[in-house]
Amino acid sequence: PTDEELALDWTLSEEDLVEVARCRGEKNLRRFSIQLCVLRRYGRFLSDYTAVPVRVINHLCRRIEVAPVLFVDRASREATESAHQQRIRAYLGFSEFDDAVRARLEQRLSEWTAEDLVPRDLFERAEKLLRGWKVVLPSPSTLERLVVRTVARARQDIYERLAAELTDDDRDRLDELLGVQPGDRRSLLFH
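Which residues make up the nonpolar core, and what values go with them?
Formed by 28 residues in total, the largest nonpolar core has its most connected members in Leu 12 and Ile 34. If you list the elements that add at least two residues to this core, you get α2 (14-20), α3 (26-42), α4 (54-64) and α5 (78-92). Counting residues per element, this core draws most heavily on α3, at seven residues. Apart from residues lying up to four places away in sequence, Ile 34 is in contact with Trp 10, Leu 46, Tyr 49, Val 52, Ile 57, Leu 60 and Val 72. Counting 17 residues, the second largest nonpolar core, distinct from the first, contains Val 135, Leu 137, Leu 146 and Val 147.

Structure representation (structure tokens):
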């Protein structure tokens, strides 16, 4: 990252430092600092600390006044990592991606599908919306599956409503136009 990116995305405020200082041990101070900045900037927690550039790690190390290192490992105890994430969520005012949030998001995705947006655009809108709601983003693969499933369901609903409006004569003409043979009655609307 550039100096500007370090200053913008990886700087801890005085309030942040108070929260970080509640951790015990240099390793926990580093991990907590990284996760705090990552959630604030990207809306999700980091799963692989090896992805953090050395420049970022050492920028944070200077701010929290611990020795610089080349890499940061995940906490040896999952409970520590989980407790840190819970504290960071509470400190930053984020909530978890739960069933209620999923339902709200699916409703919005269904509405946006009517605007004929492609799944990639819907994915980006969903991430932006969740960040606005201050919800910790699920993994990209989880969000992608949700988008694709919601789009498919919304389109199927539209197709079924359209098909319900067709008369038998309309269906026969569509079948003829599509080259569907008698006895093989599959309308394009259901594919």
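How would you sum up the packing of aromatic side chains? Please name residues and give values.
Here the structure, examined in full by the defined rule, presents zero aromatic pairs. If you follow Arg 125 out to its NZ or CZ, it ends over the ring of Trp 112, 5.0 Å from the centre.

Outline the packing of α3 against α5, listing residues and values.
At their nearest, the axes of α3 and α5 sit 10 Å apart, and the two run at 45 degrees to each other. Comparing the axis directions of α3 and α5 gives the class oblique. The chirality of how α3 crosses α5 is right-handed. Here Asn 28, Arg 31, Phe 32, Gln 35, Leu 36, Leu 39 and Arg 40 of α3 come into contact with α5, specifically with Thr 80, Glu 81, His 84, Gln 85, Arg 87, Ile 88, Arg 89, Tyr 91 and Leu 92. Grouping the constituent residues of the contact of α3 with α5 by class yields six nonpolar, five polar and five charged.

Any chance you could break down the environment of Ala 21 for me, citing the residues and the numbers?
Its location among the elements puts Ala 21 in the loop between α2 and α3. A residue is classified by how much of its surface remains accessible, and Ala 21, at 55% relative accessible area, is exposed. For the pair Ala 21 and Ile 88, spaced 67 residues apart in the sequence, the C-alpha separation amounts to 13 Å.

Criteria and thresholds
- Residues numbered from 1 in each chain as written.
- Predicted model: local features only at pLDDT ≥ 70, side-chain atom pairs only at ≥ 80, totals over all residues.
- Heavy atoms only, no water.
- Core = buried A, V, L, I, M, F, W, Y, C linked by side-chain atoms within 4.5 Å.
- Buried < 20%, exposed > 50% of the residue type's maximum accessible area, 1.4 Å probe, protein only.
- Helix = DSSP H or I, 4+ residues; strand = E, 2+ residues; numbered from the N terminus.
- Contact = heavy atoms within 4.5 Å.
- Phe/Tyr/Trp six-rings, centres within 6.5 Å; stacked < 30°, edge-to-face > 60°.
- Lys NZ or Arg CZ within 6 Å of the ring centre and 35° of its normal.
- Axes fitted to C-alpha atoms, helices over the stretch in contact; angles between N-to-C directions.
- Parallel < 35°, antiparallel > 145°, perpendicular 65-115°, else oblique.
- Left-handed = near helix turned anticlockwise from the far one by under 90°.
- Nonpolar A, V, L, I, M, F, W, Y, C, P; charged D, E, K, R; others polar.

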